[in-house]
Each structure stands twice: as structure tokens, then as C-alpha cells.
Amino acid sequence: MNILLSKPHMSGREMAYVEEAFSSNWIAPLGPNVNAFEEELGKYVDHPYTLATSSGTAALHLALLTIGIERGDVIFCQSLTFVASVNPILYVGATPVFIDSEQETWNMSPEALRKALVQAATKGKLPKAVIVVHLYGVVAKIGEIRHICQEFGVPLIEDAAESLGATWQGQMTGTIGDIGFYSFNGNKIITTSGGGMLLLSSDSQRQYALKLATQARENVLHYEHEEVGYNYRLSNVSAGIGRGQLEVIEQRVRARRNVFRRYEQMFSTIDVTYQQEIPFSRANRWLTAMQIGRDIASRDQLIQRLGDAGIESRPVWKPMHLQPLYRDAEYVTVDKEDVSRHLFENGICLPSSSSLTIGEQQKVIQAVLDTRHFVKEKSV
Ligand SMILES: *Cc1c(COP(=O)(O)O)cnc(C)c1O
């Protein structure tokens, strides 16, 4: 492939921080870059309780442990997402219930969530948490969702793995719910080569998450352990990369939004739709995701033909309720319509790197338009 979906984009400042780690011999986990990265990211998202982790998945696992999720508990989660939003539910022995999406943002439907909560309340078993995702960096209907969660007294976890820099009413996604996290995996909007950040709601909660992330050592001189811990901290070298990346996050958001805008303009004459920004929100448009209408190729045919042209694209995430791994899980929709399935069947993600050149994007656009002609000719 010549044109990738989303590739790392260095600022040039990363090596300075990494070299600092080397010259001070802070190669071991933890160290000054980790503390600085937590502080600097905390400043960027305006949130005081940040904890750098080895991955976004580890951050979510810690989130569930920190709020006390136990075996047999139920967690509600958006179905249309990457599997890492859900697997930690199984790590702690809880049971996921999947919630359908709405058409506008493609994220959790507040209506379906309310319906599921009412059903759960009737059965006398409310979930212990709700996990909402800001898919591809587009802000979910987070105000309504938070309101509903508060009404039922259920903690809200924000999976902001894909949405660093996306805002709602001036607040950063990840800081709106009770607990949130980001991912710095290689293909995300900024990267540490691998890593994550957990956002907690108090200093004591942060202290507890930190303890679990460092083998749950008790606060005594020798190594004393009362509960199971993990090795989930970010390394000082990786945090150095993160610091260099964080300096350019706003540029990266602008670049991805420009990529989106160009696609939207160039495809204005064809029958496609996109995730919408709700009022007072800003998406980071990590990936441009598009629904193809009836007059273009099928999703798979489009992906195939883009691939033939050296362009990487991929289907929208396959919803969790359709995954063999989660086939027995409950799934709640507003009515008979399965919105997330439809979004999956017709949805494609286009190359969206912040380093994508106009020339490269023009190639992608032309390839998509050519596919449309191909199909039209064939059907004549
Ligand atoms: C990437 C991602 C994660 C997991 O993050 P890792 O750092 O890869 O563990 C979780 N949820 C979503 C929606 C993601 O895209």
C-alpha cells in the first residue's frame, strides 16, 4: 500500500525528550518524562488527575478495577466500536450489554441507553457502568448520555481513545464523564508507539489506580501485597515521544479536519454521508468514515478497488453484538432497526493521516469516483 489509513506523524521534538531519557539514564519505567507527560496532557485537556499507562486497553482495565467492578456485574457499552472498548469487561469477569448507535454521530443512542436502563431497573439489576465511545473522534451525544447516567446513578466511562482533542461545549472528550482514557497506539492522532492515559475523578482514585498499575504494592518498606496488581505503567522513553507529539496536537487536529473537509467537498455530488458534529462540539476527525449510498459500489468492492490502486481503507468497526466472541450478549436497540449493523455494512474509513498530502488525497478521491463510474457502467 502506498497510501495508508493513518500513519504516525512525528513533530521532530520527540528525539530531544527521548535523548534526555537516555542521557539521564532514565530508561527504566517511570521517570521525569512520565510525570511531565501526565502534567502536560493534564494541562491540555484541563484535568488534574492523569495516569500514564502502557496502553489504552490497560487504562480501561484499570478504570473498571478502580470503580470496583466485580465478577457478575453488568456493564453497558456501545456496540459499534473496536473490541478493546469491551475486552476489559471480560478481564474483570463482568458481562457486557451492548447498546445501539444513532444515525447522527454513529455513537451510543441516548434513546436506546434509556430503554436499556429502564429495563434493567425493572429487573432490579442496574449496570455498574456505561462505556460510551467517541468513534473516529466524533463526539457522542455526551450531554444527554451523561444526564441519563446521572438520573440512574450509573458511572459513565468515556472511551476517548480515538478522540483526543475533540471537544463538547469547550470541554475535552475524556474529561466529561466520571472517568475517561486516551490511546497513543501507533495509528492514533498522536502516538507514543504504544501507550495510554487514564483520567480519574479524584486524587485518591488516582492513587489507587497507580497502585494497581504498579503491582499493588502496599505502602511499607518491604514488598507487601494484599491484592492483585498489574504492570501497566508507561515507560519513560515512550513518554518522551508523547511529550514531543503533544506539542503539535492542535496542528494534528486541524490537519485531520482539513482532510475530512476536502473529502466532503469533493464528494458533494455523490450519495455519501458522514458522522455529524452535534452543536457546540468539535470532532478531531481521526478517521474520515463514510456511508456509501445506493448509487456507488458496495463497500467491499470499493475497498478492493482502492487496494488495487495502492490505497488502504477499511470497513467501519464490526459491531460487538455481531462478533462471535460476544454472540451471547444482550443487545438493545430503539426499535426493530439495527443502526450499528447498517453503519457497519455500508461504512468505510478513508486514508486520514495528518501527513496526507493534497496530491495523495486527490488520488484517493479520484479512485473513489472511478469506482462509482465502474459500477454505473456495469449496471447500464
Ligand atoms: C485504540 C483503541 C482502544 C485501545 O487502545 P490501545 O492503546 O490500542 O490499547 C480502545 N478503544 C478504542 C475505540 C480504540 O480505537
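Residues numbered from 1 in each chain as written. Predicted model: local features only at pLDDT ≥ 70, side-chain atom pairs only at ≥ 80, totals over all residues. Heavy atoms only, no water.

The following threshold applies: UniProt positions are given in the numbering used here, feature names are shortened, and annotations may be inferred rather than shown by experiment.
The protein chain is annotated in an unreviewed UniProt entry as Aminotransferase class I/II-fold pyridoxal phosphate-dependent enzyme of Exiguobacterium aestuarii. Per UniProt, the protein chain carries the Sequence similarities (unreviewed entry) text "Belongs to the DegT/DnrJ/EryC1 family."

## So, the nonpolar core
We count it as follows: Only buried Ala, Val, Leu, Ile, Met, Phe, Trp, Tyr and Cys residues count toward a nonpolar core, and they belong to the same one when joined by side-chain atoms within 4.5 Å. The buried label goes to any residue with under 20% of its type's maximum accessible area, the exposed label to any with over 50%, and the partly exposed label to all in between, with areas taken from a 1.4 Å probe on protein chains only. Runs of E in the DSSP output that reach at least two residues are strands. Runs of H or I that reach at least four are helices, and both are numbered from the N terminus. Domain extents, as shown, originate in an automatic or database domain assignment.
Within the largest apolar cluster, 34 residues are counted, with the highest numbers of intra-cluster contacts made by Leu41, Tyr136, Leu164, Tyr182, Phe184, Met197 and Ile249. Within the residue set of this core, elements represented by two or more residues are helix H2 (32-45), strand E9 (196-199), helix H8 (236-246), helix H9 (249-266) and helix H11 (339-346). The dominant element in this core, judged by the number of residues it contributes, is H2, at 5 residues. When residues of this core are sorted by domain, at least three fall in each of domain 1 (14-246) and domain 2 (249-379).

## Remarks on the domain arrangement of the protein chain
The line we're drawing: Note on definitions: a residue-residue contact is assigned when non-hydrogen atoms from the two residues lie within 4.5 Å. Put simply, buried area is how much 1.4 Å-probe accessible surface two parts lose in total, over both of them, once they are put together.
Annotation of the protein chain at the domain level lists domain 1 (14-246) and domain 2 (249-379). Averaged C-alpha coordinates put domain 1 and domain 2 at centres separated by 26 Å. Each side of the interface is counted separately: domain 1 has 48 residues, and domain 2 has 43 residues. Between domain 1 and domain 2, a total of about 4,100 Å² is buried, with carbon and sulfur atoms accounting for 61% of that surface.

## With respect to the site of the ligand
This is how the line gets drawn: Being near a molecule or strand, for a residue, means having at least one of its heavy atoms within 4 Å of it. Pairing of N or O atoms within 3.5 Å defines a polar contact, subject to two protein rules: one partner must be a possible hydrogen donor and the other a possible acceptor, and residues neighboring in sequence count only if both atoms are side-chain atoms. Per-residue and other accessible areas follow the Shrake-Rupley method at a 1.4 Å probe size, with only the shown protein chains counted as cover for residues. Here the term charged refers only to Asp, Glu, Lys and Arg, the term nonpolar to Ala, Val, Leu, Ile, Met, Phe, Trp, Tyr, Cys and Pro, and the term polar to all other amino acids, Gly among them.
For the ligand, the set of nearby residues contains 15 residues, the closest of which are Gly56, Thr57, Glu162, Ser183 and Lys188. Here an oxygen atom of the ligand and a side-chain polar atom of Thr57 are 2.5 Å apart. Contact between the ligand and Glu162: an oxygen atom at 2.5 Å from a side-chain N or O atom of the residue. In isolation the ligand offers 380 Å² of accessible surface; the protein chains occlude 94% of this area. The class makeup of the residues in the shell around the ligand is 4 nonpolar, 8 polar and 3 charged.

## So, H2
Formally: Working rule for helices: expected span equals 1.5 Å times residues minus one.
The end-to-end C-alpha separation of H2 is 20 Å, in line with the 20 Å expected for 14 residues at 1.5 Å each. Buried within H2 are the following residues: Asn33, Val34, Ala36, Phe37, Glu38, Leu41, Gly42, Tyr44 and Val45. Backbone geometry just downstream of H2 places Asp46 in the positive-phi region, at approximately 55°.

## Quick look at empty space enclosed by the protein
Here is the rule: Think of a 1 Å grid over the protein atoms and nothing else: a 1.4 Å probe that fits but is trapped marks a cavity, an open set flanked by protein within 12 Å on at least five of seven lines marks a pocket, and residues with an atom within 4 Å of a point count as lining. Grid points are joined across faces, edges and corners, and a volume is the space filled by probe spheres set on the points.
As enumerated under the stated definition, the model contains 2 cavities of 30 Å³ or more in all. By volume, the largest cavity is sized at about 40 Å³. If you trace the largest cavity, you find it lined by Asn2, Ile3, Leu4, Lys7, Ser353, Ser355, Leu356 and Glu360. Reported here for the second largest cavity is a volume of approximately 30 Å³. Taken together, the residues of the lining of the second largest cavity break down into 3 nonpolar, 3 polar and 4 charged.

## Comments concerning the state of the cysteines
Spelled out, the test is: A pair of sulfur atoms, both from cysteines and within 2.5 Å, is called a disulfide here.
Throughout the structure, instances matching the rule amount to 0 disulfides. Here Cys77 stays free of any disulfide, with the sulfur of Cys149 as its closest cysteine sulfur at 12 Å. A disulfide-free cysteine, Cys349 has its sulfur positioned 18 Å from the sulfur of Cys77, the nearest such atom.

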